[in-house]
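An overview of the molecular structure
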Amino acid sequence: MSEVRLLDIRDAPLSLDEVYAAVTDPSAGGICVFVGTVRDHDEGHDVAALGYSSHPTAHDRLRDVAERIATECDVVALAGVHRVGELVVGDLAVVVAASAAHRADAFEACRRLIDELKTDVPVWKHQTYSSGDAAWVDPTAVAGTD
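Residues numbered from 1 in each chain as written. Predicted model: local features only at pLDDT ≥ 70, side-chain atom pairs only at ≥ 80, totals over all residues. Heavy atoms only, no water.

**Topic: the nonpolar core**
In this structure, Leu 78 and Val 121 are the most contacted members of the largest nonpolar core, which totals 30 residues. Put simply, the parts of the chain that give this core at least two residues each are β1 (3–10), β4 (45–54), α2 (58–72), β7 (92–100) and α3 (103–120). (Core = buried A, V, L, I, M, F, W, Y, C linked by side-chain atoms within 4.5 Å. Buried < 20%, exposed > 50% of the residue type's maximum accessible area, 1.4 Å probe, protein only. Helix = DSSP H or I, 4+ residues; strand = E, 2+ residues; numbered from the N terminus.)

Here you go:
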């Protein structure tokens, strides 16, 4: 039976250990973790900082995504957290993880979780460039996480 063990959208720094611990299980032979960080460049611009904001329904949409993946994939557990607020280069922006009896299933579920979070969960990214300019990243998309 698959479980969604940890889901959150928060303005506090993220913990890789917390997400990993959430999917650890004696029945899991593989754990896959994806960590998205704030990088120092995008589309030819030097990035100084960025801010994430989310719609009030973001947590519910994240739960919908995770529960769908838990039902459709052969996993033991799923977890995911996304940060909102002001971040700087190197900060953790998103951490997702999946555990499964076999590595291929863990990889598949983890990949789907981050990809579907990016497309289905309303979290948006506003970048500030070293030049002082700023821009919303793909404001027409539902989510804009890297």
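**Considerations on the sheet that holds strand β2 (residues 30–37)**
Spatial strand order, β1-β5-β7-β2: four strands in an open sheet with mixed pairing. Taken across any chain shown, the strands that pair with only one partner, and hence form the sheet edges, are β1 and β2. The sheet shows a mean angle of 5° between the axes of neighbouring strands, taken without regard to direction. Judged from the six bridges that link them, strand β5 (residues 77–83) and β7 form a sheet pairing that is antiparallel. Among the inter-strand pairings, Val 81 is bridged to a residue of β7, identified as Val 95. This element, α2, spans β1 and β5 of the sheet and lies at about 155° to β1. Relative to the sheet, α3 contacts β2, β5 and β7, its axis offset from that of β7 by approximately 145°. (Pairing = 2+ DSSP bridges. Axes fitted to C-alpha atoms, helices over the stretch in contact; angles between N-to-C directions. Contact = heavy atoms within 4.5 Å.)

**Things to note about the pairing of β5**
Within β5, seven of the seven residues are buried, leaving the element largely enclosed by the surrounding structure. In β5, alternate side chains face the same way, and those of Ala 77, Ala 79, Val 81 and Arg 83 on one face and Leu 78, Gly 80 and His 82 on the other are all buried. Pairing geometry for β1 and β5, over seven bridges, is parallel. Of the residues in β5, the one forming a bridge with Glu 3 is Ala 77.

What is shown is where atoms sit, not what they do.
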